[in-house]
Amino acid sequence: MGNDFYTFPRAQISNFIKSGQAFFIQTAKTASTLTIKESSKASANAGQNQRPQGVSEKTAQIRTALYGVASDGTSALVDGTIQQFSGSFSNDINEMDGKKVFGSLENLSIKSGGQDLVIERKQMINSEDTIFYGVSGLKAQSYQLTLTAENIPASGLQGFVEDTYLKTTSPLNLQGTTDIPFVVTSTAASYAANRFRVIFKQAAALPVTFTSIKASQKNDVIAVEWKVENETNMLKYDIERSADGNNFSNIGSVAAINGRANGYSWTDKTPVAN
């Protein structure tokens, strides 16, 4: 499967095991032997964290890291899990999944098939899926869950992180990072093992179909025009502007007419200078 290891919770690639570091090997066979030769030693010390073998950087995956947050705001990584999704993986627990080895302090795991996993490989996500997390060993302090989704196909899915203690639901960024800060107190429900989960739903269709949209300069102003069809229960259209393509601000709105086909326009009288 190759000599490189894809590490987590920090996403790095390495083929070194740090001197003095303990590690576990899970095999598909009941009896296996690992031989480390003197020639396998490296002169450079380039140790890493846990490392699932044979992982492509382009694999659809969700890495979840648990951070402890000190009173001064500094954070430290305490545990993490990784899920990978592919049509070649099975939803059954097998040798492609990694069982959780619990430590004496904070622990984060994936609850699946009646087992605690640190690595889970399964079929692609669909609207029927739920990720159940398990936490243990939490102390009365602040923490943060950071979920990083990568290479997940745009298939009309929406993900939501549910906090069963606070009864809150937060959108999951399926193309990036989502931070979920939380606090553990003396209340038992705040450190319950099943406090967090991720649910997936099929995104609802927009109540409108855009047939065209354009923005053009006319003298010193920018004219924005758009045409739509099949409007249903639309309230308004908000117009946003950005100077860098990343950060947007609302600069106006147009009330929706609703109906079979309509055209709209709006003029930006104070455009951003080039």
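Residues numbered from 1 in each chain as written. Predicted model: local features only at pLDDT ≥ 70, side-chain atom pairs only at ≥ 80, totals over all residues. Heavy atoms only, no water.

A. Structural context of empty space enclosed by the protein. Using the criterion set out here, one finds one cavity of 30 Å³ or more in the structure. Estimated volume of the largest cavity: approximately 30 Å³. Taken together, Gln83, Phe85, Lys122, Ile125, Asp129, Thr130, Ile131 and Phe200 make up the lining of the largest cavity. Contributions of two or more residues to the lining of the largest cavity are made by strand E4 (75-85) and strand E8 (130-136). Broken down by class, the residue content of the lining of the largest cavity amounts to four nonpolar, two polar and two charged. (1 Å grid on protein atoms, 1.4 Å probe; cavity = no way out; pocket = protein on both sides within 12 Å on 5 of 7 lines; lining within 4 Å. Points joined across faces, edges and corners; volume = space filled by probe spheres on them. Helix = DSSP H or I, 4+ residues; strand = E, 2+ residues; numbered from the N terminus. Nonpolar A, V, L, I, M, F, W, Y, C, P; charged D, E, K, R; others polar.)

B. Summary view of the nonpolar core. Within the largest apolar cluster, 27 residues are counted, with the highest numbers of intra-cluster contacts made by Ile62 and Leu147. For this core, the secondary structure elements donating two or more residues are strand E3 (60-69), strand E6 (107-112), E8, strand E9 (142-150), strand E10 (157-163), strand E12 (177-183) and strand E13 (196-202). Looking at which element gives the most residues to this core, the answer is E9, with four residues. Counting eleven residues, the second largest nonpolar core, distinct from the first, contains Val224, Ile239, Ala256 and Trp266. (Core = buried A, V, L, I, M, F, W, Y, C linked by side-chain atoms within 4.5 Å. Buried < 20%, exposed > 50% of the residue type's maximum accessible area, 1.4 Å probe, protein only.)

C. Layout of unusual backbone geometry. A positive phi is found at Asn230, a non-glycine position, where the angle reads about 60°. Structurally, Asn230 can be placed in strand E15 (residues 221-231). Judged by relative accessible area, Asn230 falls into the partly exposed class, the value being 46%. Even without being glycine, Asn233 reaches a positive phi, approximately 60°. Here Asn233 lies in the loop between E15 and strand E16 (236-242).

D. Representation of the packing of aromatic side chains in the model. One pass over the structure, following the stated rule, counts six aromatic pairs. When the centroid spacing of 6.1 Å and the interplanar angle of 80° are considered together, the rings of Phe210 and Tyr237 count as edge-to-face. Of the two residues, Phe210 is situated in strand E14 (residues 209-218) and Tyr237 in strand E16; the sequence distance between them amounts to 27 residues. By the ring-pair criterion, three or more aromatic residues cluster together here, those being Phe210, Trp226, Tyr237 and Tyr264. In this structure, Lys201 packs its charged tip against the face of Phe160, placed 5.8 Å from the ring centre. (Phe/Tyr/Trp six-rings, centres within 6.5 Å; stacked < 30°, edge-to-face > 60°. Lys NZ or Arg CZ within 6 Å of the ring centre and 35° of its normal.)

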